[in-house]
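The residues making up each chain are set out below.
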Amino acid sequence: MRERDALIAQTLAFVQSVTGRKDGPQPVGETPALPPASVVDVASLLAIGPADTIGQSPRDRAVPPDPQPPFQVLPPRTSGEFRNELLARVANFRKHQERFEREREDYCAATMNRLRAAIRDVQVRPPAEK
């Protein structure tokens, strides 16, 4: 229960630090409020049992986070690149539509030929005798 309350308090502190608001929603009940500067490692809280966490501060258990690669910002597209990409996509779409239409026409023609052949075969055959 203490771990859950600590997690809720940490989440609220994180939200307040990200949004820059200090007047955010207050925790319900007796949830301990952590200052935004303190960091609690949730994985270490889950790895260490509840009996092991008594008497230890979250900073004693904190594991440094894995270094993440820096965020790479792509250069902005020029209007010519955007237009060329859009025209290429439209041309590709049209090719697909033409292929679908051609396949439908071929299927229809093949079906009609089979139907006509079946009608001719029925007319040519003599009626079956009983």
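Everything quoted here is computed from the prediction, not taken from an experiment.

## A look at the overall build of the chain
For the chain, the count of helices and strands is four helices and zero strands. When its helices and strands are written in sequence order, the chain yields α-α-α-α. The long-range share in the chain, meaning contacts at least 24 apart out of those at least 6 apart in sequence, stands at 37%. Carbon and sulfur atoms make up 60% of the accessible area of the chain, which amounts to about 11,800 Å² in all.

## Regarding a nonpolar patch on the surface
A cluster of nonpolar residues, Phe14, Val15 and Val18, forms a patch on the protein surface that exposes about 300 Å² of accessible area. Here Val15 lies in helix α1 (residues 2-19).

## Quick look at the pattern of salt bridges
Under the criterion given, the structure shown has three salt bridges. A salt bridge links Arg4 to Asp5; the nearest nitrogen and oxygen atoms lie 3.1 Å apart. Take Arg4: its relative accessible area is 45%, and that puts it in the partly exposed class. Linking Arg89 and Glu85 is a salt bridge whose minimum nitrogen-to-oxygen distance equals 3.0 Å. Here Arg89 and its partner Glu85 are both found in helix α4 (residues 79-124), four residues apart, which amounts to about one turn of the helix.

## Describing a negative patch on the surface
A contiguous patch of negative charge on the surface is contributed by Glu98, Glu101, Glu105 and Asp106. Among the secondary structure elements, Glu105 is positioned in helix α4.

## Concerning the confidence of the model for the chain
In the predicted model, the chain carries a mean pLDDT of 75, and the fraction of residues at 70 or more is 59%. Across the chain, the secondary-structure element scoring lowest on mean pLDDT is helix α3 (residues 58-61), at 56, and the one scoring highest is α4, at 92.

## A look at α1
For α1, spanning 18 residues, the distance from its first C-alpha to its last is 26 Å, which sits close to the expected 26 Å at 1.5 Å a residue. Just past α1, the residue Gly20 takes up positive phi, approximately 80 degrees.

About the criteria used
- Residues numbered from 1 in each chain as written.
- Predicted model: local features only at pLDDT ≥ 70, side-chain atom pairs only at ≥ 80, totals over all residues.
- Heavy atoms only, no water.
- Helix = DSSP H or I, 4+ residues; strand = E, 2+ residues; numbered from the N terminus.
- Contact = heavy atoms within 4.5 Å.
- Areas by Shrake-Rupley, 256 points an atom, 1.4 Å probe, with all protein chains shown as cover.
- Patch = residues over 30% accessible without salt bridge, like charges linked within 9 Å, V, L, I, M, F, W, Y side chains within 5 Å.
- Salt bridge = Lys/Arg side-chain N within 4 Å of Asp/Glu carboxyl O.
- Buried < 20%, exposed > 50% of the residue type's maximum accessible area, 1.4 Å probe, protein only.
- Lys, Arg positive; Asp, Glu negative; His and termini not counted.
- Charge placed at Lys NZ, Arg CZ, Asp CG, Glu CD.
- pLDDT = per-residue confidence, 0-100.
- Expected span 1.5 Å × (residues − 1).

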